[in-house]
Amino acid sequence: MAATNSSSKSARLQARVSPEQKELIERAAAYTGRTVSDFVVSTLEQAAKKIVDQYKRVPLNQTQSRTLVKHLLSPQKPNKKLKRAVQEYRQRVDSR
């Protein structure tokens, strides 16, 4: 994972944890030779990237793959339902 320049860090996260969770996190950070802050940030970043990657992929079976390729190679004109779906998608994505 690429190291982030400390001068570019301006956002802050806060979390409440139980004493047991805190001790476990501190122990894990110590085992890896990192500060708790560095350990937490890098671990959260790895987990977040993994989740985002899972949601960026759409698994398709053979029939679905063929249908997708067919429509990509010979697209139909968008109907009202598709236009509405694209609008709703853009509103959801742009609002994040």
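The structure contained in this document is the topic of the report that follows. (Residues numbered from 1 in each chain as written. Predicted model: local features only at pLDDT ≥ 70, side-chain atom pairs only at ≥ 80, totals over all residues. Heavy atoms only, no water.)

**Points about helix H3 (residues 62–73)**
Between its first and last C-alpha, H3 extends 17 Å over 12 residues, near the 16 Å set by a 1.5 Å rise per residue. Along H3, only zero of the 12 residues are buried, which leaves the element largely exposed. The distance from a side-chain oxygen at the start of H3 to the backbone nitrogen of Thr63 is 3.0 Å, and the residue carrying that oxygen is Asn61. (Helix = DSSP H or I, 4+ residues; strand = E, 2+ residues; numbered from the N terminus. Expected span 1.5 Å × (residues − 1). Buried < 20%, exposed > 50% of the residue type's maximum accessible area, 1.4 Å probe, protein only. Polar contact = N/O pair within 3.5 Å; in protein donor to acceptor, adjacent residues only side chain to side chain.)

**Concerning a positive patch on the surface**
On the surface, Lys80, Lys81, Lys83 and Arg84 cluster together into a positively charged patch. Of note, Lys80 is situated in helix H4 (residues 80–94). (Patch = residues over 30% accessible without salt bridge, like charges linked within 9 Å, V, L, I, M, F, W, Y side chains within 5 Å. Areas by Shrake-Rupley, 256 points an atom, 1.4 Å probe, with all protein chains shown as cover. Salt bridge = Lys/Arg side-chain N within 4 Å of Asp/Glu carboxyl O. Lys, Arg positive; Asp, Glu negative; His and termini not counted. Charge placed at Lys NZ, Arg CZ, Asp CG, Glu CD.)

**Points about the pattern of salt bridges**
Tallying each qualifying case throughout the model produces four salt bridges. Across the pair Glu23 and Arg27 runs a salt bridge whose closest N-O atoms are separated by 2.5 Å. Residue Glu23 and its partner Arg27 are both found in helix H1 (residues 19–32); the two are separated by four residues, about one turn of the helix. When the shortest N-O distance is used, the salt bridge between Lys49 and Glu45 registers 3.4 Å.

**Section: H4**
Over its 15 residues, H4 runs 21 Å from end to end, which matches the ideal 21 Å to within 8%, given 1.5 Å per residue. At the N-terminal boundary of H4, the capping side chain belongs to Asn79, with an oxygen 3.2 Å from the backbone nitrogen of Lys81.

What is shown is where atoms sit, not what they do.
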